[in-house]
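Fold and geometry: a report
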Amino acid sequence: MTETLNPEQLKAIKLINGPVLVYAGAGSGKTRVLTHRVVHLIQNGVAPEKIMAVTFTNKAAAEMKTRIKGLLGKTKSKLMPHISTYHSFCGMILREDIDRLGFSKNFVIFDQNDQLGIIKQVLGTLPAPKEGSEYKPKTVLSAISIEKSNLKTLAELKKRKDTFTKLVLVPVWEKYHTHLKQSQALDFDDMLVHTVELFQKFPDVLARWQERFKYILVDEFQDTNHAQYVITKMLGHKHRNVFIVGDTDQNIYSWRGASIQNLNQFEKDFRNAKVILLEQNYRSTQTILEVANKIISNNTRRRKKRLWTKNLKGESLIHYIAFDEHDEAGYVVDEIERLCRVENFKKADIAVIFRTHAQSRVIEDFLIRRSMKYHMVDSQRFYARKEVKDILSYLRVLYNPADNSSIQRVLNTPARGIGKVTENRIFEKSRNTGKPVFELLTNKRLLTEKIQKLTAPFVQVIQRLQNEYWDQEGKSKIPVWKLIERCIALSGYAAMLQSEGTDEALTRLENIMELMSIAKEDDESVSLGAFLNKMSLNTSDDEDSDSKGDAIALMTIHSTKGLEFPVVIMVGMEEGLLPHYQTQFDEELVEEERRLAYVGVTRAKQKVYFTSTNQRSIFGDTWYNETSRFIKEAPRQYIATFINERLLENNILRTRLKEDKVSFEVRSMQATPAPSKDKGEHKVVAVNVKKGDRVIHKIWGRASVSEVRGKGPDAIIKLKVGTEERTLLAKYAPLEVVRKR
DNA sequence: CCATTAAGCCTTTTT
DNA sequence: GGCTTAATGG
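Below you will find a few notes about this structure.

1. Structural notes on the protein's contact with DNA strand C
All residues in the neighbourhood of DNA strand C are listed as Arg-361, Phe-619 and Gly-620. Protein-proximal atoms of DNA strand C, defined as those within 4 Å of the protein, fall in sugar or phosphate at a share of 50%. One nitrogen or oxygen atom from the side chain of Arg-361 is found 3.1 Å from a phosphate oxygen belonging to DNA strand C.

If you want it as structure tokens, here you go:
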């Protein structure tokens, strides 16, 4: 195993005891070092269960587990190190002992939407703010979140004198946490805060975990916040075997409270820490590295380092200036198509990455129209779907009946004749008496007979589900996926969707099926609590079933962290998007945007494309953005610029390019038409349809594919048009795919 | 109480 | 430009 590692990497792997700090540049084999180190520890007599590794995402944790398992393969050790995110690690600790802090061990975790719902409601109860000084729920929530990440307490906030803290932050904070407590819920930040609290107040708990994990490894340390740092410090303090990997140039989460100060602090708190620098890059071509280095060198606040590589020089990076976002998307799909056809890349080699989620839609449209398979990494979105949240709410209510927010969500879904008035009465009563809503609903004396009658069906659904899931001893009788099936049956949710019969309802039903299949991936023994836990902490695990195929990856720059691709296409390289317009006037924020650009470029092994547009429509308005300063910062000789021929007439643009001394080539307009809102122009793409696709049939209109038998042009396709089923042959089917499953 | 329509807010990035 | 929320009438 040693021949693939350089001396610095080996040093990092072989320092068994004592604190180590590794500054690892992009593509310097950081994951390899981490995994090999874990294996090395085990091979040198450290018990696997004494090792813990913390990663930034669930995906990264899963990846590391797989790789360690692979390396350990021969030794056949059954026990594995504990590898997870900070949040799930804290979840594990809190499930054991949080009752000592006066919380229920059955706590649920509220995600951002849950939180926003509460904040909105709380803001409504506050005295009306002065005209123009209202705060958005999101702003308030993020303020609370940052304070908690820094382990600030309510008492500390109360000492502050500014109006925002006095009039908004403190009152909202108080009411928000009352609400959480009543619902027996924690938010993400609470998980960290309470873990620290538990460690501070109960030395025996801390001691237990210090003994449990004598070796600690942390990845992406530049993106940890203060609370996470404190947890690491407390846990590692005893044995001091703390191994930290980070790169200040890849700090892209400071908006969430992450601070590279933690790296400096680590050197102070663990005085004799060995510091190792990994500067050899194994990923990218020399040209790509040159560009990345040049861009990041414009940041003032950084620890200087210079990545180098023995890799080949490679090709110039390409910058295409598109007419608008449709032309940009057209260029992207044309180029992907060419890369696959002429240069023998696979779709899975290519990533299209962007600053904001909103940019993905147009690209997706074009990919769908070309029947190009893609895989959207949209962590939150699946779980943000109404139907998925509804079902999870049902499960949460039966797991933790004190969860008022979830009850509110599904009490009248499907419709049970419980309107706003009734709902308000019940929740008002709950707030006034401090009793959980579910208790009110089950106790005859607490609510009027009329309300009891209205809500009885809901209560019955919950109780029946509880009975079907748990036996007398509290053991589960059926797997979670089965419970979901029973849930949509008993609650009438499935019936509600089926009776609607619209395409949309069908999609919703399919999303619930998707949720079931996510549950099915688990071992049958995984409990409801563990499933819900995973669902709230989880973002990744994104349809793994489907992503195995050859598909283009679409994601935000933030979610590319830790990944690499032969080809990276960065779209929307414009002032206003990258750097984002909300950061443009704050140099510190612009530096973070520059780090984002750097992270994006350094994901690439062989090829980088930048695209920008001359005009782009953003919520109805047309924006004329200049090319991103980050492209201008790159060495000109390494960027080949192409512009859309329609832009030749654009004098302003030509002047700009001249001023910047950019020479360019013209690219003629492509055959790809802008996605017309179906004006009778339907392409024959039926050859590639899959079960579950939404399509438009030239004659019958909107339909969904219920079955595909066989492959290629001769496949037999069954379509569901309204309630009717139709059969047709793929090669003659005048279909346009609207939405891929 | 619910379905349809009008208004309005939105788009940074995620555990 | 699209999706969620508020208002309105049935």
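Okay, back to it.
2. A word on the sheet that holds strand E1 (residues 20-24)
Spatial ordering of the open sheet is given by E3-E2-E6-E7-E1-E8, a layout of six strands whose pairing is parallel. Since the sheet does not close on itself, it has two edges, and those belong to strand E3 (82-85) and strand E8 (274-278), each with one partner. Across this sheet, the average inter-strand angle for adjacent strands is 15 degrees, counted without regard to direction. Set on the sheet, helix H1 (residues 7-14) makes contact with E1, strand E7 (242-246) and E8; between it and E8 the angle comes to about 145 degrees. Docked against the sheet, helix H11 (residues 226-236) engages strand E2 (51-55), strand E6 (215-218) and E7, running at close to 160 degrees with respect to E6.

3. As for the packing of H11 against helix H12 (residues 261-269)
The N-to-C vectors of H11 and H12 enclose an angle of 25 degrees; their axes lie 11 Å apart at closest approach. When the interaxial angle is binned, H11 and H12 end up roughly parallel. Considering only the axes of H11 and H12, their crossing is right-handed. Seen from H11, the contacting residues are His-226, Tyr-229 and Lys-233; seen from H12, they are Asn-262, Gln-265, Phe-266 and Asp-269.

4. Describing helix H29 (residues 651-659)
A turn of α-helix holds 3.6 residues, and therefore any two residues three or four places apart point the same way. The N-capping residue of H29, defined by a side-chain oxygen 3.1 Å from the backbone nitrogen of Ile-652, is Asn-650. Residue Lys-661 follows H29 closely and has a positive phi angle near 55 degrees.

5. With respect to the pairing of E7
Regular strands place side chains that alternate from one sheet face to the opposite one. Taken across its five residues, E7 has five buried, putting it largely inside the fold. Judged by which residues are buried, E7 turns out to be covered on both faces: Val-242, Ile-244 and Gly-246 on one side and Phe-243 and Val-245 on the other are all buried. Pairing analysis gives four bridges linking E1 to E7, with the strands arranged parallel. Across the sheet, Val-20 pairs through a bridge with Phe-243, a residue of E7. The pairing of E6 with E7 spans three bridges and is classified as parallel. Looking across to E7, one finds that Val-218 is bridged to Ile-244. Once the chain exits E6 it traverses H11 before rejoining the sheet at E7, and the crossover so formed is right-handed.

Calculation rules
- Residue positions are counted from 1 within each chain, in the order its sequence is given.
- The naming scheme follows written order: chains are lettered A onward, ligands numbered 1 onward.
- Thresholds applied to this predicted model are a pLDDT of at least 70 for local features of residues and 80 or more for the giving and counting of side-chain atom pairs; totals over whole chains, interfaces and linings are not thresholded and use all residues.
- Note that the side-chain values use all heavy atoms of the structure and ignore hydrogens as well as water.
- Residues are classed as near a molecule or strand on a simple rule: at least one heavy atom within 4 Å of it.
- Here a polar contact means two N or O atoms within 3.5 Å. Within protein one must be a hydrogen donor candidate and the other an acceptor candidate, and residues neighboring in sequence count only if both atoms are side-chain atoms.
- When DSSP finds two or more bridges between two strands, those strands count as paired.
- Secondary structure is summarised from DSSP: a helix means a run of H or I of at least four residues, a strand means a run of E of at least two, and numbering begins at the N terminus for each.
- Lines fitted to C-alpha atoms define the axes, with helix axes restricted to the stretch in contact, and inter-axis angles between N-to-C directions lie between 0 and 180 degrees.
- Note on contacts: a residue pair qualifies if any of its non-hydrogen atoms lie within 4.5 Å across the two residues.
- If an angle is under 35 degrees, it is roughly parallel; if it is over 145, roughly antiparallel; if it lies from 65 to 115, roughly perpendicular; otherwise it is oblique.
- Note on convention: near helix rotated counterclockwise from far helix by under a right angle means a left-handed crossing. Clockwise means right-handed.
- For every residue, the accessible area (1.4 Å probe, protein chains only) is compared with the maximum for its type, and the residue is labelled buried under 20%, exposed over 50%, or partly exposed between those bounds.
- Look down the strands so they point away from you; if going from the first strand over the helix to the second traces a clockwise path, that crossover is right-handed.

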